[in-house]
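# Observations on chain architecture
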Amino acid sequence: MSVVAVNNLTGEKLLFLKGATERVVPCCTGRQDGEFTTAIESDDLQAYLDPRIQEMARDGLRVLSIAYRHLTEEESQKDMNKADREGVEINMTFLGLVGIYDPPRPESLPSVMECYRAGIQVTMLTGDHPATAAAIARQVGILQSEDEPENDSHVAVTMGQLVMTAREFDSLSDEEIDALPELPHVIARCSPDTKVKMIQAMHRRNGIVAMTGDGVNDSPSLKFADVGIAMGLSGSDVAKQASEIILTDDNFATIHCNKGYSEECDLVFRARGAVFATLTLGILLHAYNCRRIRGPMWNWNMLKRFHENKFLLGGFISGTILCLLCMYVPGLNTSVLKMKGISWEWGVVLITLLVFLILSELYKFGKRRLLKPLTVATEEQVRLQRIWTENTLTSLNNGLEK
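The following refers to the structure shown. (Residues numbered from 1 in each chain as written. Predicted model: local features only at pLDDT ≥ 70, side-chain atom pairs only at ≥ 80, totals over all residues. Heavy atoms only, no water.)

Time to look at the side chain of serine 219. Position of serine 219 among the secondary structure elements: in helix α10 (residues 219-224). Only 2.6 Å separates the side chain of serine 219 from the backbone oxygen of valine 216, close enough to count as a polar contact. (Helix = DSSP H or I, 4+ residues; strand = E, 2+ residues; numbered from the N terminus. Polar contact = N/O pair within 3.5 Å; in protein donor to acceptor, adjacent residues only side chain to side chain.)

Spelled out as structure tokens, the structure:
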């Protein structure tokens, strides 16, 4: 990425370039050496930087290179936002390396270990330097320490090992990838096409792939995976639209909320409780809906007869109590049923149930207006049906009283 800065003292404009070393170095024709600039070829500069990059990357640092040059008088008068990058990012002077340490979250290692215990292979596809990617992968348990490459080349490993660069992986044909005894666990300097190619390779091995991502460049792989998982906080709108699941807290550990309750899983457990309450109460209310296939159920006249069917009323009450017990009894809710009692979410549940009942009544109204019944009962049949219903309910009530 390039930016133009202005020296407030002299008014001179300078172009600064930052990015991956292999992208910045080819743009440079010299390097800053104190107050002086020394001319140097790109290959020599890369060879000079490689050992230092490896040393920083092995410590888990994300390494960026920075270069600059003075803009000419003609360039200073132009709108650099519309300039061609290839024509601007030339004849740069290399300034130095910057190491950024972005430590993995503490819960990443336990989550990866949980994946392995469940038989899930975790693969890391990243834009980082190969050595940085390998170091981070070891920290979170994707790689073991003995997998560390022994050579000092800026290309971390070769084909067939557990860490590869995107260039190495993309150069392989589908047949060569399928012939590998094991797919690489880490691919560095990854591009969107590389991620899609990895997913295709997993599919050819009959794997079910879940992909996490947050950027626009992740959207093809999120869409192509069996389950796309986008970051809710830092994720782009494009990534969210391409995904089936959105992690609202951007926490990888949230995916693993099936073993037990933790603070990271609180939102997931409450969401399960809300869904459980909605479905359970919805089914119980639908039992009353089914009493009248075509006629309105939720009017005043029918509500006054809500208690007539004692068995149905008893089932509704006991089902509601059982629902509350499942949600609020300690141990039963979080340890057995993997959910938790809800608070303000009850408002969402009640609104959802109200919408369901309104739609049910609209459906019946449409049936009465647009669809004729298959059979029409005569007045005598209606009278006999009413007498039979009243006698049945009376007998049931007498039996319950005894």
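That shown, we press on.
Across the interface, helix α2 (residues 42-58) lies against helix α6 (residues 130-139) with an axial gap of 7 Å and an inter-helix angle of 15°. If you check the angle between α2 and α6, you find them roughly parallel. You can see that α2 and α6 cross each other, and the crossing is right-handed. Of the residues in α6, those in contact with Gln54, Ala57 and Arg58 of α2 are Ala131, Thr132 and Ala135. Its residues assigned to classes, the contact of α2 with α6 comprises three nonpolar, two polar and one charged. (Axes fitted to C-alpha atoms, helices over the stretch in contact; angles between N-to-C directions. Parallel < 35°, antiparallel > 145°, perpendicular 65-115°, else oblique. Left-handed = near helix turned anticlockwise from the far one by under 90°. Contact = heavy atoms within 4.5 Å. Nonpolar A, V, L, I, M, F, W, Y, C, P; charged D, E, K, R; others polar.)

Moving on, we come to the environment of isoleucine 142. With respect to the secondary-structure elements, isoleucine 142 resides in the loop between α6 and β8 (163-165). Given a relative accessible area of 10%, isoleucine 142 falls into the buried group. For the pair formed by isoleucine 142 and histidine 185, sequence separation is 43 residues and the distance between their alpha carbons is 7.0 Å. Filtering out sequence-adjacent residues up to four positions away, isoleucine 142 remains in contact with Val112, Tyr116, Val122, Met124, Ala137, His185 and Val186. (Buried < 20%, exposed > 50% of the residue type's maximum accessible area, 1.4 Å probe, protein only.)

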